[in-house]
Amino acid sequence: MRNIEMQTGFLRAPSCLISCGNTRVLCAATVSEGVPPFLKGKGQGWLTAEYAMLPASTGGGRKPRDGVKKDGRGVEISRLIGRSLRQAVDMTKLGERTITIDCDVIEADGGTRCASITGGFVALCLAVDRLIAERKLFDSPIVRQVAAVSCGVVAGENALDLCYEQDSRADVDMNVIMDENRNLIEIQGTGEHAVFPRARLSQLLDLAEEGIDALMQAQREALGEAARWIAPKTPRLLFATNNAHKARELKDIMAGKYEVLSLREAGVELDVDETGETFAENALLKAEAVTKMTGCAALADDTGLCVDALGGAPGVRSARYAGEHGNDGANVDLLLENLKDTPAPRTARFVCAMALTRPGREPLVVEGRAEGEILFERRGENGFGYDPVFLYGGKKTFAEMDEHEKNAVSHRRNAARALLAALEAE
């Protein structure tokens, strides 16, 4: 490999000046609202690229600027850059906006298209970082890291990252684009002056993998903190709640699998009327509203207490059973009053319906339950809602359990398990 340097912040726009030996390409990303006509109304974004060589970039005389008629080679390379970098993005997470990657070759000494893809990926990540900082995106649409390198056969020897002098006399010339798992995105390989056997192709791909690894390490170092948006990363879910207790409980349940943010933590102000007649309907209403507003995967639940002696009440009205939404003390008082003539065991269950909505995907709705009974008086200082009077397993109320004890058996835990199982089955 030639010496690799990547300088970010070269322009006010998200940008990367990439140098591979004497090849230097300025890559910049701009974001515009809206998408091409063929994508309008589909709830997804687009990425495209433009490549050009500056007039003095070749060092061998002035290259005319592109005019109305584009240079054919530049158009072909623009398409290569665009389709390569589109492999890095989940367009459904981008919303209806377009990212354009401009790659201008300042100085050319071989491998300009590969440098453009590699530097363009850095500019793309910086654009995503800015969109998230501006709260225009709430999760990264980057699904894989992308880099490109040239290789070939020069004077009978395998060579990596060819400069112009090597490229001009190469028997075999290849460009290889890969992701971080060494999956192939595109190969352009030509026997310029000689044919080459299948075994030679394998050797060149092995060599390209070494180059890709080095380039990807350089990308991450150049990105710094913005590299956190590169896969593999913990997927982010917006939890449609401002209830700190529920958010903390779900974070504990989902720890290591998903990064969960409450609406307040994500800076989202949204109040959804729970007009559904079932827990599932209310959960889906909330999740769909958050996804529509943010373009991000959203998780919502609707939870309530169902008491057999009360015909399933308080049910979907659990949070406002006594009239004022979220008045836990009044809700528990009214429940005990309504059950005062009901002998033990006063069987009941907590029910949690959980809905996951994702752009471009069908919603997932699951349910979890925790069976127990209602006591005659409060016990315990932990938890919230009806926890102090809900006896689980005949031993402790939810309010007598610590968070980890409760989260191991709760209705929300069981719903989350069902959701994870549904996701794994996809």
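A brief structural summary. (Residues numbered from 1 in each chain as written. Predicted model: local features only at pLDDT ≥ 70, side-chain atom pairs only at ≥ 80, totals over all residues. Heavy atoms only, no water.)

The subject of this paragraph is the nonpolar core. Counting 49 residues, the largest nonpolar core has Ile101, Phe121 and Leu124 as the members making the most contacts within it. Elements with a contribution of two residues or more to this core: β2 (15-20), β3 (23-33), β4 (46-53), α1 (72-86), β5 (97-107), α2 (112-133), β6 (146-154) and α4 (198-223). For this core, the leading source of residues is α2, giving 13 residues. Discounting chain neighbours no more than four positions away, the residues touching Phe121 are Leu85, Ala88, Ile142, Arg144, Gln145, Val146, Gln219 and Ile230. (Core = buried A, V, L, I, M, F, W, Y, C linked by side-chain atoms within 4.5 Å. Buried < 20%, exposed > 50% of the residue type's maximum accessible area, 1.4 Å probe, protein only. Helix = DSSP H or I, 4+ residues; strand = E, 2+ residues; numbered from the N terminus. Contact = heavy atoms within 4.5 Å.)

Now for the pattern of salt bridges. Scanning the entire structure with this criterion turns up 26 salt bridges. The shortest N-O distance in the salt bridge between Asp129 and Arg228 comes to 3.5 Å. Taken together, the residues Asp129 in helix α2 and Arg228 in the loop between α4 and β10 (236-239) connect sequence positions 99 residues apart. Using a relative accessible area of 22% as the deciding quantity, one classes Asp129 as partly exposed. Residue Asp387 is joined to Lys406 by a salt bridge in which the shortest nitrogen-to-oxygen separation is 2.6 Å. Here the residue Asp387 occupies a position in the loop between β14 (364-374) and β15 (390-392), and Lys406 occupies one in helix α9 (residues 403-409), the gap between them amounting to 19 residues. Each of the salt bridges in this network shares a partner with another, and the network as a whole consists of Arg182, Glu209 and Asp213. (Salt bridge = Lys/Arg side-chain N within 4 Å of Asp/Glu carboxyl O.)

Counted according to the given criterion, the structure contains five aromatic pairs. Measuring from centroid to centroid gives 4.6 Å for Phe350 and Phe390, while their planes differ by 55°, and the two rings are tilted. Placement of Phe350 in strand β13 (residues 347-357) and of Phe390 in strand β15 is noted, with a sequence separation of 40 residues between them. Look at Phe390 and you get buried, because its relative accessible area is 0%. Pairwise contacts between aromatic rings join Phe350, Phe390, Tyr392 and Phe398 into one cluster. Of note, Arg346 hangs over the ring of Phe376, and the distance from its end group to the ring centre comes to 3.8 Å. (Phe/Tyr/Trp six-rings, centres within 6.5 Å; stacked < 30°, edge-to-face > 60°. Lys NZ or Arg CZ within 6 Å of the ring centre and 35° of its normal.)

Helix length check: helix α10 (residues 411-425) (15 residues) gives 21 Å between terminal C-alpha atoms against 21 Å at 1.5 Å per residue, within 8%. Taken together, the buried positions of α10 are His411, Arg412, Arg413, Ala415, Ala416, Leu419, Leu420 and Leu423. Residues of α10 that are buried sit in contact with α5 (244-254), β12 (298-307), β13, β14 and α9. (Expected span 1.5 Å × (residues − 1).)

This part covers the sheet that holds β12. Strands sit in the order β11-β10-β12-β13-β14-β15-β16 across an open sheet of seven strands; the sheet is mixed. The two strands at the open ends of the sheet, each matched to only one other strand, are β11 (259-262) and β16 (396-397). Across ten bridges, β13 lies against β14 in antiparallel orientation. Across the sheet, Ala355 pairs through a bridge with Val365, a residue of β14. The strands that α10 touches are β12, β13 and β14; relative to β14, the one it contacts most, it runs at about 155°. (Pairing = 2+ DSSP bridges. Axes fitted to C-alpha atoms, helices over the stretch in contact; angles between N-to-C directions.)

Honestly, that's just the spatial picture; any functional story needs more than this.
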